[in-house]
Amino acid sequence: MTVIEFPNLPNAQQCQKSTLPNLGLVCITSDKQVRFRTMTRTRYLKLSLSDRQSALSELYRHNLQRLHDALSFCEQNKIQLYRMSSAIFPLSDLEDEIGANILEAMSADLATIGQRANALGIRMVLHPDQYVVLSSDSPEVVQASINNLAGHARILDLLGLPRSPWSLMNIHGGKSQRAEQLVKVISELPENIKTRLTLENDEYAYSADEILAVCQQAGVPMVFDAHHHICHENLDSYDHPSVGSMFYAARETWTNPDWQLVHISNGEQAFNDRKHSNLITDMPNVYHQAPWIEVEAKQKEEAIAHLRSWWLIKNNCT
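A short tour of the structure in this document, coming up. Everything numeric in this text was worked out from a predicted model, so none of it was measured.

## Overview of the overall build of the protein chain
Regarding its fold elements, the protein chain presents eleven helices and ten strands. Compactness check: the protein chain gives a C-alpha radius of gyration of 20 Å against a globular reference of 20 Å for 318 residues, within 12% of the reference. Its C-alpha atoms give the protein chain principal-axis dimensions of roughly 60 × 45 × 35 Å. Across the 318 residues in the protein chain, those meeting the buried criterion constitute 53%. Restricting the contact set of the protein chain to residue pairs at least 6 apart, pairs at least 24 apart contribute 73%. Entry remark: accessible area of the protein chain is about 14300 Å², with carbon and sulfur atoms responsible for 48%. A gap of 5 Å separates the mean positions of the 28 positive and 37 negative side-chain charges of the protein chain.

Laid out in structure tokens, this is it:
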């Protein structure tokens with residue numbers, strides 16, 4: 001676990017160092033310092049081929065700069081984990097290959113960003129959108145999902161990020177009662193996808209136990225989400241014994257336990273509310289053992305700062 005200093009937090013002089021999991025920023029900042037542009041498929045298809053080229057080129061250049069800005073923000077705020085937006089380079093997986101070719105032409109710039117992240121010690125990860133359903137009973141949906149993952153994997157390759165769970169692509173199980181199909185599809189994925197793939201439990205289709213079994217059979221790490229777990233099981237505390245047992249069971253799926261990543265969120269209106277709250281005010285005690293935590297709260301960086309302050313208080317650093 002990393003030792004992090006908090007020189008900008010109140011009373012940090014009385015507590016120079018505190019052992020704290022690496023808290024991750026998810027995609028954007030709440031105060032608009034880090035924002036990405038996008039384009040809908042409908043709008044894109046209305047453009048001529050030449051206009052598609054120029055529009056995507058300009059958009060990708062803009063988002064590349066925002067990615068640099070995101071790294072700068074993380075550096076300034078001592079954030080060592082950053083989840084990139086899955087829509088950072090929209091439409092780059094279309095069959096016309098215009099977006100894909102633009103990214104290839106920008107490969108040197110992408111490599112520079114990856115090198116900078118590495119130099120700063122910032123771990124970059126991805127969470128492809130909900131349309132990735134490897135367990136679908138539709139072959140067309142499965143193939144589209146694989147194509148989507150291939151596009152994300154290519155972006156990670158262009159960034160020069162390793163083909164390992166360090167630079168993971170995290171997805172949900174998808175269609176319920178299709179665990180055997182999910183394991184089979186994962187076993188046949190290309191190396192640049194499978195070596196980065198992780199699976200996460202959810203509130204509806206795949207419980208923590210179910211997705212753990214899939215991860216064990218498929219040989220991929222499990223990202224444990226405590227809030228999804230308590231919602232699925234209708235629990236009244238993050239410190240229910242099953243939360244700790246699932247956390248440690250998930251850790252066993254990581255070849256390198258120091259890379260284990262978990263998610264934290266709180267309910268907006270009630271403990272079991274599936275909607276995310278602005279800040280994190282409740283966290284499983286077992287998460288003190290987590291090396292990496294993605295903070296899934298609406299107020300993004302403010303939630304991270306709040307958690308850090310809470311950690312100092314909890315450790316009597318006041």
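## Some details on the nonpolar core
Counting residues in hydrophobic clusters, the biggest one holds 88 residues, and the most contacted among them are Tyr82, Leu134, Phe224 and Tyr287. With nine residues, the single largest contributor to this core is helix α2 (residues 49-76). Contact partners of tyrosine 287, with chain neighbours within four places excluded, come to Pro21, Phe224, Asp225, Ala226, Phe247, Val262, His263, Ile264 and Ile293. Val125, Val223, Trp254 and Trp292 belong to the second largest nonpolar core, which has seven residues in total.

## Quick word on the pattern of salt bridges
Oppositely charged side chains may form a pair once their charged atoms are brought near each other. Evaluated as defined, the whole model comprises 14 salt bridges. The closest approach of N and O atoms between arginine 83 and glutamate 296, which form a salt bridge, is 2.6 Å. Pair noted here: arginine 83 is in strand β4 (residues 81-84) and glutamate 296 is in the loop between β10 (292-295) and α11 (301-314), with a separation of 213 residues, a long-range link. Accessibility classification places arginine 83 together with glutamate 296 in one group, the buried group. Measuring nitrogen to oxygen at the nearest pair gives 3.0 Å for the salt bridge that ties glutamate 188 to lysine 184.

## Focus: the pairing of β10
Covered by surrounding structure in β10 are Trp292 and Glu294 together with Ile293 and Val295, the residues of both alternating faces. Of the strand pairs in this sheet, strand β3 (residues 22-26) and β10 are connected by three bridges, and their pairing is parallel. Within β10, the position partnered with asparagine 22 by the bridge is tryptophan 292. Where strand β9 (residues 261-264) meets β10, four bridges bridge the pair, whose relative direction is parallel. By the bridge assignment for β10, leucine 261 is matched with tryptophan 292.

About the thresholds
Residues numbered from 1 in each chain as written. Predicted model: local features only at pLDDT ≥ 70, side-chain atom pairs only at ≥ 80, totals over all residues. Heavy atoms only, no water. Helix = DSSP H or I, 4+ residues; strand = E, 2+ residues; numbered from the N terminus. Rg over C-alpha atoms; globule rule 2.2 N^0.38 Å. Buried < 20%, exposed > 50% of the residue type's maximum accessible area, 1.4 Å probe, protein only. Contact = heavy atoms within 4.5 Å. Areas by Shrake-Rupley, 256 points an atom, 1.4 Å probe, with all protein chains shown as cover. Lys, Arg positive; Asp, Glu negative; His and termini not counted. Charge placed at Lys NZ, Arg CZ, Asp CG, Glu CD. Core = buried A, V, L, I, M, F, W, Y, C linked by side-chain atoms within 4.5 Å. Salt bridge = Lys/Arg side-chain N within 4 Å of Asp/Glu carboxyl O. Pairing = 2+ DSSP bridges.

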